[in-house]
Amino acid sequence: MIEFIQHIVNGLSVGAIYALIALGYTMVYGVLQLINFANGDVLMVGAMLGYYIGQWTGFGARPSYLGAAALLVMAMVCCGVLGFFIERFAYRPLRDRPRINALITAIGISFLLEYGGQLVFHPGPFAFNVVPYTPPLQFGGLYVSASDIIALGLAVALMLTLQWIVFRTRVGMAMRAISHDPNIAALMGVNTDLVISFTFVLGAVLASAAGMLYATKYHRVDPLMGLLPGLKAFVAAVLGGIGNVPGAMAGGILLGLVEELVAGYTSSSYRDAIAFGILILVLLVKPAGLFGSTATEKV
Amino acid sequence: MTTTLLKVENLDVYYGAIHALHGVSLEVQEGEIATLIGANGAGKSTTLRAVSGMVRPKSGSVVYKNESIAGLKPHNLVARGVAHAPEGRGIFPALTVRENLELGAYLRRDRDGIDADIQRGFTLFPRLKERERQTAGTLSGGEQQMLAIARALMARPKLLLLDEPSLGLAPQIVALIFRILREINAQGMTILLVEQNAHLALGIAARGYVLETGKVVMSGTGKELLASPAVRKAYLGE
């Protein structure tokens, strides 16, 4: 029993990270029907910036919670700017073109960040230790590391903030209106370009936070680190119903739990096969995803 | 003395290679109902879209309140007082009736004024009040049309563009909606109405334009057009 709870705890901490990345996919898809494949690589840029800024400022050499928080904020700000520029210069010029053009561009941006990252940064990998090491907390037989608690707490806080933005603020209302129909949203007075930019910034900010958490959890960074979590978060977003914000959160957590349980009770080499197996199953049984719905229109 | 609120001159609009409007000109005076009638595909909706900024005209001028507005984005026009209830109603089916109305007031910050205008919309269309918390997708077609009009009014426009409010609705609902349009107009709203139902539209309009394949082929007061043999033959089934 204690082993099962242990797996649940581990699954939640990795699932929360997937959920953060999945939110970026699902929000951008919601407003533009575009799979922004570069989202996973923004995660890498966030973690890399965390590493390098840590080196320059010295926070990386003397791990502290305050330093880690400062690095997190700086990475989030820088990636927010990156997200803005990606949309402005890569996707906006293609807005009125066939959707496939933007999709191919997304893959291109992804490669640009991955391989450009190897030039700008360094192929690495580097050890990433900005959070001070503390021995795992012990509850009965249950071991929980401080970084898992931080990851979970921070991810939940960010998700609640996002939920609030999307469902309780003006800009969130505009995002939901655009996701239904950008032309009609514009007739309501919504500046659609501005709201779309904001959506990309939000997605990139969440991805960079996920990158810092991911690097903290696995203690390393490298320019290709965004690939696998990016793909898995995409699976999580589809699992929850792409375009659906609570769905992306649930999909991420669910995927993390399933992976961890599979790895724990069978063999960890099946972990990724299971993740993508789930995607295939969901697409077969419920193509709109767990929370997705197929809308009908009245005439 | 009336003043011209909207003046469209020699408007040309293309959709790709398709030449949709050929030099359309029309005028709407402040406080009146003007109507564009014509068959399917004549360019009525395109004219409205060009006025509200949804399509960019290739050439020609659109002057609103003595200011050129051709090429402005829709959200800029909403800010200047042009509200467009589009073809097919364009309601947000996943949002509630109230949220739809709130979105209509997207650019406004006066909370009290917004609440008052929502109540005013409910007074015009009591059916919407009963459905306030329902998602708009569950409304009947007529209720959706009421919502589209009430939502357009939420922007406190000077000029209301209405695209086919009678489309697909039962006659008594259409009669209700046209009664409300007269009422709104009597309170001072300028309306540019696009309709296929020429009889109804010309009946309430001070001024009418007949569009055929992207050109204005006839214009006059509502009464003149209703009496015109050509209009009666082509659009009133005589």
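Basis of the calculations
Residues numbered from 1 in each chain as written. Chains lettered and ligands numbered in written order. Predicted model: local features only at pLDDT ≥ 70, side-chain atom pairs only at ≥ 80, totals over all residues. Heavy atoms only, no water. Helix = DSSP H or I, 4+ residues; strand = E, 2+ residues; numbered from the N terminus. Rg over C-alpha atoms; globule rule 2.2 N^0.38 Å. Buried < 20%, exposed > 50% of the residue type's maximum accessible area, 1.4 Å probe, protein only. Contact = heavy atoms within 4.5 Å. Lys, Arg positive; Asp, Glu negative; His and termini not counted. Charge placed at Lys NZ, Arg CZ, Asp CG, Glu CD. Expected span 1.5 Å × (residues − 1). Arc of directions from axis to C-beta. Pairing = 2+ DSSP bridges. Axes fitted to C-alpha atoms, helices over the stretch in contact; angles between N-to-C directions. Buried area = accessible area lost by both parts, 1.4 Å probe. Salt bridge = Lys/Arg side-chain N within 4 Å of Asp/Glu carboxyl O. Polar contact = N/O pair within 3.5 Å; in protein donor to acceptor, adjacent residues only side chain to side chain. Nonpolar A, V, L, I, M, F, W, Y, C, P; charged D, E, K, R; others polar.

Participant: Explain the overall build of chain B to me, please; I cannot follow it from the model alone.
Facilitator: Across its full length, chain B carries 10 helices and 10 strands. Scaling as 2.2 N^0.38, a compact globule of 238 residues should have a C-alpha radius of gyration of about 18 Å, and chain B matches this with 17 Å. With the C-alpha coordinates of chain B rotated into their principal frame, the extents come out at 45 × 40 × 40 Å. Per-residue burial for chain B yields a buried fraction of 55% across its 238 residues. Of the contacts made within chain B by residues no fewer than 6 positions apart, 66% connect residues no fewer than 24 positions apart. If the 28 positive side-chain charges of chain B are averaged to one point and the 23 negative ones to another, these points end up 2 Å apart.

Participant: Just checking my understanding: could you explain helix H4 (residues 99–120) of chain A for this structure?
Facilitator: Along an α-helix, residues three or four positions apart point the same way, because every turn accommodates 3.6 residues. Residues and elements named next belong to chain A. A rise of 1.5 Å per residue sets the reference length of H4, with its 22 residues, at 32 Å; its end C-alpha atoms lie 30 Å apart and thus fit the reference within 8%. Restricting attention to buried positions, one finds in H4 the residues Ala102, Ala106, Ile109, Ser110, Leu113, Glu114 and Gly117. The buried residues of H4 all sit within an arc of 125 degrees when viewed along its axis, so they share a single face. Across H4 from its buried face, at more than 90 degrees, point the exposed residues Ile100, Ile104, Leu112 and Leu119. Taken together, the buried residues of H4 touch helix H2 (39–57), helix H3 (65–91) and helix H9 (227–240).

Participant: How should the sheet that holds strand E5 (residues 67–68) of chain B be read in this particular structure?
Facilitator: For sheets, the rule is that strands pair by backbone hydrogen bonds, running either parallel or antiparallel. Residues and elements named next belong to chain B. Here we have 4 strands laid out as an open sheet, ordered E2-E1-E4-E5, and antiparallel in their pairing. This sheet does not close on itself; its edge strands, each paired only once, are strand E2 (18–29) and E5. Sheet topology places strand E4 (residues 59–64) next to E5; 2 bridges connect them, and they run antiparallel. By the bridge assignment for E5, Val63 is matched with Ser68. Helix H1 (residues 44–52) rests against strand E1 (4–15), E2 and E4 of the sheet, and its axis sits at about 110 degrees to E1.

Participant: How should the sheet that holds strand E10 (residues 215–221) of chain B be read in this particular structure?
Facilitator: Residue and element names in this part refer to chain B. Across the sheet, which stays open at both edges, the 6 strands sit in the order E6-E7-E8-E3-E9-E10 with mixed pairing between neighbours. The open sheet has two edge strands with one neighbour each: strand E6 (82–85) and E10. Across the sheet, the axes of successive neighbouring strands diverge by a mean angle of 15 degrees, strand direction being ignored.

Participant: Hey, could you run me through the pairing of E10(B) in this one?
Facilitator: Within a regular strand, the side chains alternate between the two sheet faces. Residue and element names in this part refer to chain B. Sheet topology places strand E9 (residues 207–212) next to E10; 6 bridges connect them, and they run antiparallel. Within E10, the residue paired with Glu212 across the bridge is Lys215. Counting the residues that bridge the hairpin from E9 to E10 gives 2 residues, and of these Thr213 lies at a positive phi of roughly 35 degrees.

Participant: Which parts of the structure should I look at to understand the interface of chain A and chain B?
Facilitator: Interface size, as often reported, equals the accessible area lost upon joining of the parts. Listed per partner, the contact involves 21 residues of chain A and 29 residues of chain B. In this assembly, chain A packs against chain B so that about 2100 Å² is buried in total across both faces, 64% of it on carbon and sulfur atoms. A salt bridge links B:Lys73 to A:Asp193, with the shortest nitrogen-to-oxygen separation between them at 3.9 Å. Our count for the contact surface shared by chain A and chain B stands at 2 residue pairs in polar contact (both at pLDDT 80 or more). The element contributing the most residues to the side of chain A that touches chain B is helix H6 (residues 170–180) of chain A, with 7 residues. Considering only residue class, the side of chain A that touches chain B consists of 12 nonpolar, 4 polar and 5 charged.

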